[in-house]
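Listed below, chain by chain, are the residues.
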Amino acid sequence: MNVPYTNLPRVVIIGGGFAGVALARKMVKEDVQLVLLDRQNYHTFQPLLYQVSTSSLEPDSIAYPLRKIVKRGKNTFFRMAEVSSIDTESQNVNTNIGSITYDYLIIATGARTNFFGNKTIENNAMRMKNLPQALNLRSLMLENLEQAVITSDPEQRKELLRFVLAGAGPTGVELAGGIAELKQNVLPRDYPDMNFDEMEIHLIEGAPRILPPMSEHASKKATKFLKQLGVHIHTSTQVSQYEDNLVSTNTDLSLKAATFIWSAGVTGAPVSGIKADSLIQRANRYKVNQYNQIEGYSNIYALGDIAVMETKAYPQGHPMVAQPAIQQGEHLAKNLKRHLRQKPMIPFKYFDKGSMATIGRNKAVVDLGKFRFGGFFAWFIWMFIHLWFLIGFRNRFVTLFNWSYNYINYDKAARLIVRPFKNKEEGIERV
């Protein structure tokens, strides 16, 4: 791995997501050797992935090089590596480029898409947890539109123009709204010879209402906004299968759709080597104490989506969203600094800054403490918050420029099939 030997305490961070980056940024000036490992060389601002998929933003607007984060320290290193296992006895992290010892290990590997054991959905559905997947989805949607404009078969055209999303949490709602805005404001000008009354967007949710983690007020507002955009909403409905472009459910609903997107759940992404009784099997997340130490270990910590810290307010652990990850990363940095100075660590307390989701132009919902509101003001708050938490001035500037351009011109500049979507099962590019 070619990381120099040091007498300083070595802190190894696995994962360059919100938690890992928050910790690294606070530790780069500390008198330790900091090593950040990630399979990609960039941090992804996941809340805006759906905008890459719907052609509002290019990927470099929401990605930030991890080396730029660690380069500010004298003893900080980044290695692009995929971690295979941890040897807790010898305090070694094993990767595809070699192994590295640690004094303090922080696991911030985040979450991956949860298909709940359904192999047909896992093999055939689109997902959107990282930038390559978002680009695959964008390419597939645009390719289906190109195919729809040339087909003479009306049934095939309807199938190509039908978009089905499973899971109506914030990701599903925002993606459905983004596709609906494309249908209303952009695509009719790109394809003037196609009738977009045939284009359908279906949002399927197993719970009795959409946005189940948010308030009932937010759910009602979001439902109203989506219906105004022409989205078909199916609640209390679960997708059971997706094969040969057929979406099957546990109800009478059955849809032929060339684009099926799964946003119905996530699960932790644990690393091999940690004791089994430290892992909550059903969630694939590590049990941690109030200092984020993994149960059974004093120098191994877990942050963000991969960690379950049980409290009175959050008996199942904190929500698997950005804010707990960021706050835990920053708090652990303070605790590591205190620990290195032989000071007692301070328990973590989560400050809930609220939940929000955008549905489209001038349409969003926000839950902020006891306050519930939706519409333009909520949309403005959503934009401000997301710009604020983007890493890097360039990313903020480019994103703001794109949003302003899209708002004024009813246009999205990124409608490019840069790389055709490749079906991994067939090994064939759709061209």
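Here, every reference points to the structure presented above.
Let me begin by describing the structure that accompanies this report. Given the structure is predicted, the values throughout are model-derived calculations rather than measurements.

Some remarks on the packing of helix 1 (residues 18-27) against helix 9 (residues 322-340)
Right, so step 1: Their axes nearest at 7 Å, the elements helix 1 and helix 9 cross at an angle of 30°. Here helix 1 runs over helix 9; the crossing is right-handed. Residues Phe18, Ala19, Ala22, Leu23, Lys26 and Met27 of helix 1 lie in contact with helix 9, whose contacting residues are Ala322, Ala325, Ile326, Gly329, Glu330, Leu332, Ala333, Leu336 and Lys337.

A look at the pairing of strand 9 (residues 104-107)
Right, so step 1: Across the two faces of strand 9 the burial is the same, with Tyr104 and Ile106 and Leu105 and Ile107 all buried.
Right, so step 2: In this structure, strand 1 (residues 10-14) lies alongside strand 9, joined through four bridges in parallel fashion. Looking at the pairing, Ile14 lines up with Ile107 of strand 9.
Right, so step 3: Two elements, strand 9 and strand 21 (residues 300-302), share three bridges in a ladder whose sense is parallel. Bridge pairing in strand 21 links Ile106 to Tyr301.

Focus: the environment of Val32
Right, so step 1: Residue position: Val32 is located in the loop between helix 1 and strand 2 (33-38).
Right, so step 2: For the pair Val32 and Gly73, spaced 41 residues apart in sequence, the C-alpha to C-alpha distance is 9.7 Å.
Right, so step 3: Those residues within four positions of Val32 in sequence are excluded, and the remaining contacts are Leu8, Pro9, Val11, Met27, Asn75 and Leu340.

Concerning the side chain of Gln33
Right, so step 1: Of note, Gln33 is situated in strand 2.
Right, so step 2: On the basis of relative accessible area, Gln33 is assigned to the buried category, the value being 2%.
Right, so step 3: Within the structure, the side chain of Gln33 is placed 2.6 Å from the side chain of Arg10, a separation counted as a polar contact.
Right, so step 4: Setting aside chain neighbours within four positions, we find Gln33 in contact with Val3, Pro4, Thr6, Leu8, Pro9, Arg10, Val11, Asn75 and Phe77.

Cut-offs used in this document
Residue positions are given per chain, counting from 1 as you read along its sequence in written order. In keeping with the predicted nature of the model, local features appear solely for residues at pLDDT of at least 70, side-chain atom pairs appear and are counted solely at 80 or more, and the whole-chain, interface and lining totals rest on all residues. Computation of side-chain values covers all heavy atoms of the structure but excludes hydrogens and water. Note on geometry: axes are C-alpha line fits, over the in-contact stretch for helices, and angles between N-to-C directions span 0 to 180 degrees. A run of DSSP states H or I qualifies as a helix once it reaches four residues; a run of E qualifies as a strand once it reaches two. Both are numbered from the N-terminal end. Crossing handedness is defined as follows: a turn of the near helix away from the far one that is anticlockwise and smaller than a right angle gives a left-handed crossing, while the clockwise case is right-handed. Contacts: residue pairs with any heavy atoms within 4.5 Å of one another. Buried residues are those whose accessible area, probed at 1.4 Å on protein chains only, stays under 20% of the maximum for their type, while exposed residues exceed 50% and partly exposed ones sit between those limits. Two strands are counted as paired when DSSP detects at least two bridges linking them. Here a polar contact means two N or O atoms within 3.5 Å. Within protein one must be a hydrogen donor candidate and the other an acceptor candidate, and residues neighboring in sequence count only if both atoms are side-chain atoms.

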